[in-house]
Amino acid sequence: MTLWTKWKLWYEYKRFCKAYPIAKSKKNWNYIILHHSWSPDNKVTSDWEGIRQYHIKECGWKDIGYHFGIELVNSAVQLKIGRSLETIGAHTKGFNETGIGVCLIGNYDLNILSNDQLKMFYFLCKRLMELYPDINAKHILGHRETYPLLNKPVEKTCPGKLVSMNDIRNLISPET
Ligand SMILES: [Zn+2]
């Protein structure tokens, strides 16, 4: 990475922290679990709110199951805020108590993540790792990777067949 690229990334990260202030919760976290919505991203704001309404009305939950979402809205990638980090999630059996749930809006069995989506997830992980030292790059998991850890057969491709969790972990922490 050139010095210029490093500086640009640092500057963009500062902008991310300013645009999306995330405060440390009293509750501690150990993992970040990545999902996709599987539904196509129709590129309007309503996707994230639609999922929230579905989780509240159809599933009977207090709020959307995830803590964060990453969604393309009017050709810009946005970070969506879900349930509070003081509250356990409703997204991954066995990991709801320890894992922060993040959902990529879109179907990544069929589509490739854009650089902007990856960067948003990278910045989010960087911030969450600053706040919660128990989260290291090895604790950033795709939903599908949680099944073997629980000795269960893998039921889903989530966060998508075209998402390489190894590449993402490597991007976040090149040493691991
Ligand atoms: Zn999932």
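Residues numbered from 1 in each chain as written. Predicted model: local features only at pLDDT ≥ 70, side-chain atom pairs only at ≥ 80, totals over all residues.

(A) How the structure looks around the overall build of the protein. Counting its regular elements, the protein contains 5 helices and 5 strands. What you see in the protein, going N to C, is helices and strands ordered as α-β-α-β-β-β-α-β-α-α. Against the 2.2 N^0.38 benchmark of 16 Å for 176 residues, the protein shows a C-alpha radius of gyration of 16 Å, consistent with a compact globule. Taken along its principal axes, the extent of the C-alpha atoms in the protein is 50 × 40 × 35 Å. (Helix = DSSP H or I, 4+ residues; strand = E, 2+ residues; numbered from the N terminus. Rg over C-alpha atoms; globule rule 2.2 N^0.38 Å.)

(B) Main features of the sheet that holds strand 1 (residues 31-36). Pairing is mixed across the open sheet formed by 5 strands, whose spatial order is 3-2-4-1-5. In this open sheet, the two strands that pair with only one neighbour each are strand 3 (76-81) and strand 5 (140-142). If you compare each strand with its neighbour and ignore which way they point, the axes differ by 25 degrees on average. By the bridge criterion, 3 bridges tie strand 1 to strand 5 in an arrangement that is parallel. Residue Ile32 lies in a different strand from strand 5, and its bridge partner there is Ile140. Contacts between helix 3 (residues 115-131) and the sheet are confined to strand 1, strand 2 (68-73), strand 3, strand 4 (99-104) and strand 5, with strand 3 contributing the most and set at about 35 degrees to the helix. (Pairing = 2+ DSSP bridges. Axes fitted to C-alpha atoms, helices over the stretch in contact; angles between N-to-C directions. Contact = placed C-beta atoms within 7 Å.)

(C) Summary view of helix 1 (residues 3-19). Between the first and last C-alpha of helix 1 there are 24 Å, a value that for 17 residues agrees with the 24 Å anticipated at 1.5 Å per step. Of all 17 residues making up helix 1, only 0 are buried, and the element is barely covered by its neighbours. (Expected span 1.5 Å × (residues − 1). Buried ≥ 20, exposed ≤ 12 C-beta atoms within 10 Å, placed from the backbone.)

(D) Representation of unusual backbone geometry in the model. A cis geometry characterises the amide bond from Cys158 onward to Pro159, with omega recorded as 10 degrees. Within the element layout of this structure, Pro159 appears in the loop between helix 4 (143-149) and helix 5 (165-172). If you check the backbone angles, Asn74 has positive phi at about 50 degrees while not being a glycine. Turning to its location among the elements, Asn74 is positioned in the loop between strand 2 and strand 3. Of note, Ser75 is a non-glycine position whose phi angle comes to about 60 degrees, a positive value. On the neighbour-count criterion, Ser75 (7 C-beta atoms within 10 Å) is exposed.

(E) Representation of the pairing of strand 2 in the model. The element strand 2 is extensively covered by neighbouring structure, given that 5 of its 6 residues are classed as buried. The turn linking strand 2 back onto strand 3 is made up of 2 residues, and Asn74 within it adopts a positive phi angle of 50 degrees. Relative to strand 4, strand 2 runs parallel, the two being bridged by 3 bridges. Within strand 4, the position partnered with Ile70 by the bridge is Leu104.

(F) Region of interest: the pairing of strand 3. In this structure, strand 2 lies alongside strand 3, joined through 6 bridges in antiparallel fashion. Bridge pairing in strand 3 places Ile70 opposite Leu79.

(G) Summary view of the nonpolar core. Counting residues in each nonpolar core, the largest one holds 32 residues, and the members touching the most others are Tyr31, Ile32, Ile33, Ile100, Val102, Leu124 and Leu128. Listing elements by their share of this core, those giving two or more residues are strand 1, helix 2 (46-57), strand 2, strand 4, helix 3 and strand 5. Top element by residues in this core is helix 3. It accounts for 6 residues. Beyond its immediate chain neighbours, meaning those up to four positions away, Ile100 contacts Trp29, Tyr31, Ile32, His67, Leu85 and Leu128. (Core = buried A, V, L, I, M, F, W, Y, C linked by C-beta atoms within 7 Å.)

(H) Here's a closer look at the environment of Ala76. Residue position: Ala76 is located in strand 3. For the pair Ala76 and Gln117, spaced 41 residues apart in the sequence, the C-alpha separation amounts to 9.3 Å.

(I) Spatial organisation of the environment of Cys103. Along the chain, the position of Cys103 falls in strand 4. Taking the number of C-beta atoms within 10 Å as the measure of exposure, Cys103 has 28 and is therefore buried. Sequence spacing of Cys103 and Leu150 is 47 residues, and the spatial spacing of their C-alpha atoms is 21 Å. The contacts of Cys103, once residues within four sequence positions are left out, are His35, His36, Ser37, Tyr66 and Gly69.

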